[in-house]
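Here's the letter readout for the chains.
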Amino acid sequence: MASNRGKRSARPLVRDLVMAALGGVVMLAALVAMVSCASSPKSVPLAEASRALSDTESRALRADGNGAEIARAAVERFVALFQDFDATTIGERAREVYADDAYFNDGFVEVRGIEDIASYLVRSAEAAGEVAIEVHDVAHSGAEIYVRWDMRFTNRKGSKQVTAPGVSHLRVDPDGQVVFHRDYWDSSGALAEFVPLMSSILRSVRSRL
């Protein structure tokens, strides 16, 4: 009897895990549709990020001392870029923020070079509903800059809003252009809120773990 009860109690968990897997496929399809033909990484993401850190180390401006003002202005341009997420202007404004060979990773895509970055941001702005970013603070550690923010997504119908906290790790060069940009945030969790049934499935699975 105990064995049978164990089997019965395991069935809902298995069912929810299967549904979560199917929901993940739906979520992935939604992401692909959102970013259209965004460039996909051609190598292991962690390896590419590590390579980008190494490549930009000698060029990165220290965000203290004499470089503090340049770093401050660079962060202001970076924040303004994402606070005005307008498809008609974001591509051109991105070219004022990023260096020609900048590394970019927002948790969805990983690309190198200003043209790919600008194109991706334009496609994202075209596909997205309303996007608003609130910056809470900025921290400096030598050449490293960390921007902590909340990003609010509203779907095109205006019926659903999700807030996702995150941090951007930046490096800028002596000209004040961003050479390295990597975001750390719960992108999958935020996207799940827009996929029917996905958030309830995830809650059900988590409650059983």
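See the structure above.
Figured I'd write up the structure that's included with this text. (Residues numbered from 1 in each chain as written. Predicted model: local features only at pLDDT ≥ 70, side-chain atom pairs only at ≥ 80, totals over all residues. Heavy atoms only, no water.)

## Considering the overall build of the protein chain
Then step 1. Along the protein chain, the regular secondary structure elements total seven helices and six strands.
Then step 2. Scanning the protein chain from its N terminus toward the C terminus, one meets helices and strands in the order α-α-α-α-β-β-α-β-β-β-β-α-α.
Then step 3. Every one of the 209 residues in the protein chain was classed for burial, and the buried ones make up 41%.
Then step 4. In the protein chain, 56% of the contacts between residues at least 6 apart in sequence involve partners at least 24 apart.
Then step 5. By element, 55% of the accessible surface of the protein chain is carried by carbon and sulfur atoms, the whole surface being about 11,400 Å². (Helix = DSSP H or I, 4+ residues; strand = E, 2+ residues; numbered from the N terminus. Buried < 20%, exposed > 50% of the residue type's maximum accessible area, 1.4 Å probe, protein only. Contact = heavy atoms within 4.5 Å. Areas by Shrake-Rupley, 256 points an atom, 1.4 Å probe, with all protein chains shown as cover.)

## Regarding the environment of aspartate 116
Then step 1. The residue aspartate 116 is located in helix H5 (residues 114-127) in this model.
Then step 2. Overall, the relative accessible area of 36% leaves aspartate 116 in the partly exposed class.

## Some remarks on the packing of aromatic side chains
Then step 1. A complete count under the given rule lists seven aromatic pairs for this structure.
Then step 2. An aromatic cluster of three or more residues is present, and its members are Phe78, Phe82 and Phe85. (Phe/Tyr/Trp six-rings, centres within 6.5 Å; stacked < 30°, edge-to-face > 60°.)

## Describing the pattern of salt bridges
Then step 1. In the structure shown here, the tally under the stated rule is twelve salt bridges.
Then step 2. Among the salt bridges present, the one from arginine 112 reaches glutamate 48, with a minimum N-O distance of 3.2 Å. Of this pair, arginine 112 sits in strand S2 (residues 110-112) while glutamate 48 sits in helix H2 (residues 45-56), placing them 64 residues apart in sequence.
Then step 3. On the basis of relative accessible area, arginine 112 is assigned to the partly exposed category, the value being 29%.
Then step 4. In this structure glutamate 48 comes out as buried when scored by relative accessible area, which is 13%.
Then step 5. One salt bridge connects arginine 72 with glutamate 76, and the closest N-O pair in it is separated by 2.3 Å. (Salt bridge = Lys/Arg side-chain N within 4 Å of Asp/Glu carboxyl O.)

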